[in-house]
Amino acid sequence: MSQRLPLLLIALLIQSSFLFEISSALKEGKTCVLNENCDAGLHCETCLANNNFRPRCSRTQPINPISKVKGLPFNKYSWLTTHNSFARLGAISKTGSLILAPTNQQDSVTSQLTNGVRGFMLDMYDFDNDIWLCHSFGGKCCNITSFQPAVNVLREIKVFLEKNSEEVVTIIIEDYVKSPKGLTKVFNAAGLQKFMFPVTRMPKNGGDWPTLDDMIQQSQRLVVFTSDRSKEATEGIAYQWNFMVENQYGNGGLKEGVCPNRGESAAMSDKSKSLVLVNHFPDAPDLIVACKQNSAPLLESIKTCYQAAGQRWPNFIAVDFYKRSDGGGAPQAVDVSNANLICSCDNFAACQANGKCG
Ligand SMILES: *[C@@H]1O[C@H](CO)[C@@H](O)[C@H](O)[C@H]1NC(C)=O
């Protein structure tokens, strides 16, 4: 590698002087120097984990499926989902403390929303007389594992939903909150209660969800799940495992050719749960390897899980460092899933509102 580096630099310099003469809009896969060189929805990066030293324009955004068709049930769409959406690289805890916990994403929730992320996995804890986004240390949130009060991030989502009247967002809470009505209070404080899709409208026996159109018209555009069963009765917040199946998270979810359910979930093939989530990230988040994991192996994984889930494409595709890819990455996996859900083909660009491909 030490011998290759000077060459790479020379190549970059030539490339950059060349670039400044031509336009700044480069398509996916083209050599770039800066993010600004690439078309909208792309950024400039290398994938060293795949021996890809040439900086190329890579996808950061899926095609928004609502640009194609809004009349299908919610369970016929696939959404880019960030694992630990709140655990931002380089973040400093709002307590002022350094964070000694792993980080999983590179940008803020607002930036994720702009890039088309529509599923957010958030770990919530009672902490400091409030509810915080946090990791645990011995089951408890503490300064060095805490990120920020949940209400801050929920407000970012509220601003987005208010600005974008046709967008639907899903929050999946890993719920450690024990304070009475804690979740209700924090969603109220964020001004999100009015957008909540009611649990009473969620199909319990594998039926189709209301259509996206319907959710938009009624402005019930926030779908929230909790991992705490009791909250469905006490606060009307949907218990995730009544409505969704998920494969194993962490390293177990990266194994090729298999797609076992995670412990809390019913079997992947259980069609009494209408939603399918595919986890594809390692036990320990890895910024360097993420570009590789989010690319070809992720596409393989959604195909394996499609079979395991009784030929159902995932509604949610959850990754670390969603912007890292070796080309199409997680946005492409979401496109493939949407293309199959809406048009029964792999090419979402060619998929049309009438469900025909090309
Ligand atoms: C945690 O942070 C708060 C500031 O928000 C500080 O008052 C407290 O002393 C810190 N606790 C520890 C154990 O460092």
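Worth saying up front: this structure is predicted, and the values here are computed from it rather than measured.

## What to know about the overall build of the chain
Okay, so step 1: When helices and strands are counted, the chain shows nine helices and twelve strands.
Okay, so step 2: A compact globule built from 358 residues would reach a C-alpha radius of gyration of about 21 Å, and the chain, at 20 Å, matches this within 12%.
Okay, so step 3: In terms of overall dimensions, the chain has C-alpha extents of about 65 × 55 × 40 Å along its principal axes.
Okay, so step 4: Relative to its full complement of 358 residues, the chain shows a buried share of 45%.
Okay, so step 5: Sequence-distant contacts in the chain: of pairs separated by 6 or more residues, those separated by 24 or more amount to 65%.

## Quick notes on the nonpolar core
Here is a general trend for soluble globular proteins: nonpolar side chains tend to be buried in one another's company.
Okay, so step 1: Membership of the largest hydrophobic core comes to 90 residues, with the highest contact counts inside it found for Leu-122, Met-124, Leu-133, Ala-150, Leu-154, Ile-302 and Ile-317.
Okay, so step 2: Examining the composition of this core, we find that eight residues originate from one element, helix α9 (residues 329-343), more than from any other.
Okay, so step 3: In this structure, Leu-133 is in contact with Phe-86, Leu-122, Asp-123, Met-124, Phe-147, Gln-148, Ala-150 and Val-153, ignoring residues within four places of it in sequence.

## A closer look at the site of the ligand
Okay, so step 1: In the vicinity of the ligand, the residues found are Thr-95, Gly-96, Ser-97 and Asn-143.
Okay, so step 2: Classifying every residue of the shell around the ligand by side-chain character gives no nonpolar, four polar and no charged.

## Digging into the domain arrangement of the chain
Okay, so step 1: Structurally, the chain comprises domain 1 (4-59) and domain 2 (65-350).
Okay, so step 2: Using only C-alpha atoms to locate each centre, domain 1 and domain 2 end up separated by 31 Å.
Okay, so step 3: Listed as interface residues are ten residues of domain 1 and, on the opposing side, twelve residues of domain 2.
Okay, so step 4: When residues of the side of domain 1 that touches domain 2 are traced back to their parent elements, those giving at least two are β1 (42-47) and β2 (52-59).
Okay, so step 5: Here the side of domain 1 that touches domain 2 takes three residues from β2, the largest share from any one element.
Okay, so step 6: Broken down by class, the residue content of the side of domain 1 that touches domain 2 amounts to three nonpolar, five polar and two charged.

## Describing the packing of helix α8 (residues 296-308) against α9
Between two packed helices, the angle of one axis relative to the other and the distance separating the axes together describe the packing.
Okay, so step 1: The contact between α8 and α9 brings their axes to 9 Å, and the two run at 30°. Judged by the angle between their axes, α8 and α9 are roughly parallel. The handedness of the crossing between α8 and α9 is right-handed. Here Leu-298, Leu-299 and Ile-302 of α8 come into contact with α9, specifically with Ala-330, Ala-333, Val-336 and Ser-337.
Okay, so step 2: Residues of the contact of α8 with α9, tallied by class, amount to six nonpolar, one polar and no charged.

## Some thoughts on the packing of helix α3 (residues 150-163) against helix α4 (residues 182-189)
Okay, so step 1: In contact at an axis separation of 8 Å, α3 and α4 are set at 50° when each is read in the N-to-C sense. One element, α3, and the other, α4, form an angle in the oblique class. Of the two possible hands of crossing, α3 and α4 adopt the one that is right-handed. Two secondary-structure elements touch here, α3 through Ala-150, Val-151 and Leu-154 and α4 through Val-186, Phe-187 and Ala-189.
Okay, so step 2: For the contact of α3 with α4, a count of residues per class yields six nonpolar, no polar and no charged.

## Thoughts on the environment of Ile-302
Okay, so step 1: Within the secondary structure layout, Ile-302 lies in helix α8.
Okay, so step 2: When the C-alpha positions of Ile-302 and Ala-49 are compared, they lie 21 Å apart, and in sequence the two are 253 residues distant.
Okay, so step 3: Ile-302 has contacts with Val-278, Trp-313, Pro-314, Ile-317, Ala-333, Val-336 and Ser-337, leaving out every residue within four places of it along the chain.

Calculation rules
- Residues numbered from 1 in each chain as written.
- Predicted model: local features only at pLDDT ≥ 70, side-chain atom pairs only at ≥ 80, totals over all residues.
- Helix = DSSP H or I, 4+ residues; strand = E, 2+ residues; numbered from the N terminus.
- Rg over C-alpha atoms; globule rule 2.2 N^0.38 Å.
- Buried ≥ 20, exposed ≤ 12 C-beta atoms within 10 Å, placed from the backbone.
- Contact = placed C-beta atoms within 7 Å.
- Core = buried A, V, L, I, M, F, W, Y, C linked by C-beta atoms within 7 Å.
- Near = placed C-beta within 6 Å.
- Nonpolar A, V, L, I, M, F, W, Y, C, P; charged D, E, K, R; others polar.
- Domains from an automatic or database assignment.
- Axes fitted to C-alpha atoms, helices over the stretch in contact; angles between N-to-C directions.
- Parallel < 35°, antiparallel > 145°, perpendicular 65-115°, else oblique.
- Left-handed = near helix turned anticlockwise from the far one by under 90°.

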